[in-house]
Amino acid sequence: MYFVVTFALLVTMTLALVRALLGPTVYDRVLSVNMFGTKTVLLLSVIAFLAGRPDFLDLALAYALINFIGVLAVLEFFKSRASRREEELRGEGGG
Amino acid sequence: MDFALDIISWILLAAGGAFVLVGGIGALRMPNLYTRMHAASVTDTMGAVLVMAGVMLQAGLTLATFKLAAILLFLLITSPTASYALASAAMLAGIKPDAGQAADLEQDS
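Keep in mind that what you see is a predicted model, and the values were worked out from it rather than measured.

A.B. asks: In this structure, what is going on with the overall build of chain A? I would like to understand it.
C.D. replies: Per the secondary structure count, chain A includes 3 helices and 0 strands. Walking chain A from its N terminus toward its C terminus, one meets helices and strands in the order α-α-α. Relative to the globule expectation of 12 Å for 95 residues, the C-alpha radius of gyration of chain A, 18 Å, shows a markedly less compact shape. Each principal axis of the C-alpha distribution contributes one length, and for chain A these read about 65 × 25 × 10 Å. The buried share of chain A, taken over its 95 residues, is 37%. Pairs at least 24 residues apart make up 45% of the contacts formed inside chain A by residues separated by at least 6 positions.

A.B. asks: Would you mind showing me how to read the overall build of chain B here?
C.D. replies: Across its full length, chain B holds 3 helices and 0 strands. For chain B, the sequential pattern of α-helices and β-strands runs α-α-α. Across the 109 residues that make up chain B, the buried fraction comes to 40%. Counting contacts in chain B only where the partners sit at least 6 residues apart, residues at least 24 apart contribute 60% of the total.

A.B. asks: Could you clarify how one ought to interpret the nonpolar core in this entry?
C.D. replies: Nonpolar side chains in soluble globular proteins generally cluster together in the buried interior. Core analysis: the largest hydrophobic core is formed by 52 residues, its most contacted members being Val 51, Leu 68 and Leu 86 of chain B. Among the secondary structure elements, those contributing two or more residues to this core are α1 (2-22), α2 (26-50) and α3 (56-94) of chain A together with α1 (2-29), α2 (33-59) and α3 (63-92) of chain B. Ranked by the residues each element gives to this core, the list is headed by α2 of chain B, at 12 residues. Setting aside residues no more than four positions away along its own chain, Leu 86 of chain B makes contact with Tyr 27, Val 30, Leu 31 and Leu 75 of chain A together with Met 37 of chain B.

A.B. asks: When you look at the packing of α2 of chain B against α3 of chain B in this model, what are you seeing that I'm missing?
C.D. replies: Working note: a packed helix pair is described by the angle between its axes plus the distance between those axes. Residues and elements named next belong to chain B. The contact between α2 and α3 brings their axes to 9 Å, and the two run at 175 degrees. With respect to α3, the element α2 is oriented roughly antiparallel. Across the interface between the two elements, Leu 33, Met 37, Ser 41, Asp 44, Ala 48, Val 49, Met 52, Val 55, Met 56 and Ala 59 of α2 pack against Ala 64, Thr 65, Leu 68, Ala 69, Ile 71, Leu 72, Leu 75, Ser 79, Ser 83, Leu 86, Ala 87 and Ala 90 of α3.

A.B. asks: Sorry, what's going on with α2 of chain A here?
C.D. replies: Because each turn of an α-helix spans 3.6 residues, side chains separated by three or four positions in sequence point in the same direction. Relative to the 36 Å expected for 25 residues at 1.5 Å per residue, α2 of chain A spans 35 Å between its end C-alpha atoms, a close match to the ideal helical length. The buried fraction of α2 of chain A amounts to 18 of the 25 residues, a majority that puts the element mostly inside the structure.

A.B. asks: Is there a simple way to think about α3 of chain B in this case?
C.D. replies: Residues and elements named next belong to chain B. Its 30 residues give α3 an end-to-end C-alpha distance of 43 Å, which sits within 8% of 44 Å, the value for a rise of 1.5 Å per residue. Taken residue by residue, α3 has Ala 64, Lys 67, Leu 68, Ile 71, Leu 72, Leu 75, Thr 78, Ser 79, Ala 82, Leu 86, Ala 89 and Ala 90 as its buried positions. Gly 94 occupies a position one or two residues after α3 and carries a positive phi of about 95 degrees.

A.B. asks: Looking at this structure, how should I read the packing of α1 of chain B against α2 of chain B?
C.D. replies: All names here are of chain B. One can describe the packing of α1 onto α2 by two numbers: an axis separation of 7 Å at closest approach and a directional angle of 165 degrees. Put simply, α1 runs roughly antiparallel to α2. At the point where α1 passes α2, the crossing takes the left-handed sense. For the contact of α1 with α2, the class distribution of residues is 17 nonpolar, 9 polar and 1 charged.

How each quantity is defined
- Residues numbered from 1 in each chain as written.
- Chains lettered and ligands numbered in written order.
- Predicted model: local features only at pLDDT ≥ 70, side-chain atom pairs only at ≥ 80, totals over all residues.
- Helix = DSSP H or I, 4+ residues; strand = E, 2+ residues; numbered from the N terminus.
- Rg over C-alpha atoms; globule rule 2.2 N^0.38 Å.
- Buried ≥ 20, exposed ≤ 12 C-beta atoms within 10 Å, placed from the backbone.
- Contact = placed C-beta atoms within 7 Å.
- Core = buried A, V, L, I, M, F, W, Y, C linked by C-beta atoms within 7 Å.
- Axes fitted to C-alpha atoms, helices over the stretch in contact; angles between N-to-C directions.
- Parallel < 35°, antiparallel > 145°, perpendicular 65-115°, else oblique.
- Expected span 1.5 Å × (residues − 1).
- Left-handed = near helix turned anticlockwise from the far one by under 90°.
- Nonpolar A, V, L, I, M, F, W, Y, C, P; charged D, E, K, R; others polar.

This is the structure:
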């Protein structure tokens, strides 16, 4: 049964990667990468039992933490960049 | 009893895999950003909960179950936060959730 879940997770990760490569806006890419990270956590937890190595669960926990912080940092970066660009446009329009 | 637990955990794992797969297809095929976010949130909630519950039933009452519960709790707290941050950043960047014009082909990046 673990094989079926692993296969479903791998297919979903592939679809998320395709969306990350296609995605028209940068937010589509961030969404796909966030989804990819969540699926990686699930995949690590399933593989820990598929391979009989429970220490993979620590990796899954660490990956969940890193993924969350990384997505928030990337979003904050793009948010500040978008607002700065808007400021510049408004400055050019006013002056 | 063990056999019943196996059956239940297999059902949970299969349902979780199905939800994850459906969410993945939706995230690829949906027409614009907010609908894609909707599809992806299916995998973050139902998929994660079902897969983790199935694996937890297989693990029994051990340290692994505690770790899985910690991972699940963390995922359930962080994925709505990340979704909110993503939607808020996209709204601030001027991507409108327009139901009439669904496809994002006309919007520039």
